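Residue-level structural notes
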Amino acid sequence: MATAVEALASTTAEGPTSHTQNSDLPSVYQLMALVMRDVRNLGKEGYNDHQKYKFRGVDGAIGALAQPLRDHGVFMTPEVLDCQTEVRGKMNAVRMRVAFHFYGPAGDRVTAVTMGEASDVADKASNKAMSAALKYALIHTFMIPVDAGSLDDGDRDHPVGQRSPADGYMERLRKPAVWNNVTALQAMHTEAKADGLLNASVHGPDGETTLGALLVARGTQLKGEAAAREERKAQEAPAAAAQVAVEHGVAADSVDQLMAQVQRHWNDPMELTKDMAEATRRNLAQREVDGPFGGMVPFGEMVTARIAELKEQARLAEQNGPQRSAA
């Protein structure tokens, strides 16, 4: 995709040059006036299908002047006075100042100097800058009539010069804090729906789409990436546990074995005390396990709490036993 920005033309004139063949021939000034009389109107006859805007192309300017210039014997040669290049992201940008020399049969000339600026992802930036400079040199030098108001209004329909209601959303969407945040995308979708902009046309990473479709697609992508990460973690968890066990000299299934023992001994404080001692010896007392009431708790805390609970039950039973017998 290429864009172009052009400055207005400046015109200078020279008298007969050393190549003058016949001073009795009409001057280039006289002939250019006749060309201006014969030139036709120039409208926005070009249309950009991708970004949906009309424009006046250099082809239109050339077409409007080609026959009048031939009819009156005027020709033109370009001269690049200076050229600057730079890289803007993925675009190659060129800005150049070009002199266009218009000659008549007497050898005198008029020179129009214009600026041309253009950018392109490939190798056409210079070509486009030259075309931009030529277009405005022709329009201004020969005062080609244009439609729909003044020339200052010429780029009114270009998307760069026309801000749509969805542009504000796109500016916010490009920020990493929004683009990589599912919650922020959902909030923006709700806001855009309230503004009636979900069907607004925007240019996304994969081309033309709607604002609503872009928000949904990005949110779905982020959720998919998060699910994939969780799945990878789940798949890698056994290997990670095995590695930790190897590093600490503990078999990978030791905790599971102890948990099975604790479940069998759940109502036997003496056996639970042995299980606790074994866990301490194996450095497993602080390992997280599923607690009896949900959630993860350290193995040692769970077993210690159960032992204390069983001892308290035994104490209460012993304390209340004589009273029941007396009754």
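Everything numeric here is computed off the predicted structure, so don't read it as measured data.

Pairs can form between side chains of opposite charge whenever their charged atoms are close. Applying the stated criterion across every chain yields a total of nine salt bridges. Among the ionic pairs, Arg 172 bridges to Glu 191, the shortest N-O distance being 2.9 Å. With Arg 172 in helix α4 (residues 166-173) and Glu 191 in helix α6 (residues 182-194), this pair connects stretches of sequence that are 19 residues apart. According to the relative accessible area criterion, Arg 172 is partly exposed, its value standing at 33%. Relative accessible area serves as the criterion here: at 34%, Glu 191 is assigned to the partly exposed category. A salt bridge links Glu 271 to Lys 274; the shortest N-O distance between them is 3.6 Å. In this pair, Glu 271 and Lys 274 both sit in helix α9 (residues 269-281), three residues apart, roughly one turn of the helix. On the basis of relative accessible area, Lys 274 is assigned to the exposed category, the value being 52%.

On the secondary structure map, Thr 141 appears in helix α3 (residues 125-141). On the accessibility criterion, Thr 141 (10% relative accessible area) is buried. A distance of 2.6 Å separates a polar atom in the side chain of Thr 141 from the backbone oxygen of Ala 137.

Count 3.6 residues to each turn of an α-helix, and residues three or four apart come out pointing the same way. Listing the buried residues of α4 in full gives Ala 166, Tyr 169, Met 170 and Leu 173. Burial along α4 is one-sided: seen end-on, the buried residues are contained in an arc of 100 degrees.

Turning our eyes to something else, we now look at the confidence of the model for the protein. Predicted confidence across the protein gives a mean pLDDT of 79, with 74% of residues reaching 70 or more. A low-confidence stretch, residues 148-162 (pLDDT under 50), is modelled with 22 contacts involving residues beyond four sequence positions or located in other chains.

The rules behind the values
- Residues numbered from 1 in each chain as written.
- Predicted model: local features only at pLDDT ≥ 70, side-chain atom pairs only at ≥ 80, totals over all residues.
- Heavy atoms only, no water.
- Salt bridge = Lys/Arg side-chain N within 4 Å of Asp/Glu carboxyl O.
- Helix = DSSP H or I, 4+ residues; strand = E, 2+ residues; numbered from the N terminus.
- Buried < 20%, exposed > 50% of the residue type's maximum accessible area, 1.4 Å probe, protein only.
- Polar contact = N/O pair within 3.5 Å; in protein donor to acceptor, adjacent residues only side chain to side chain.
- Arc of directions from axis to C-beta.
- pLDDT = per-residue confidence, 0-100.
- Contact = heavy atoms within 4.5 Å.

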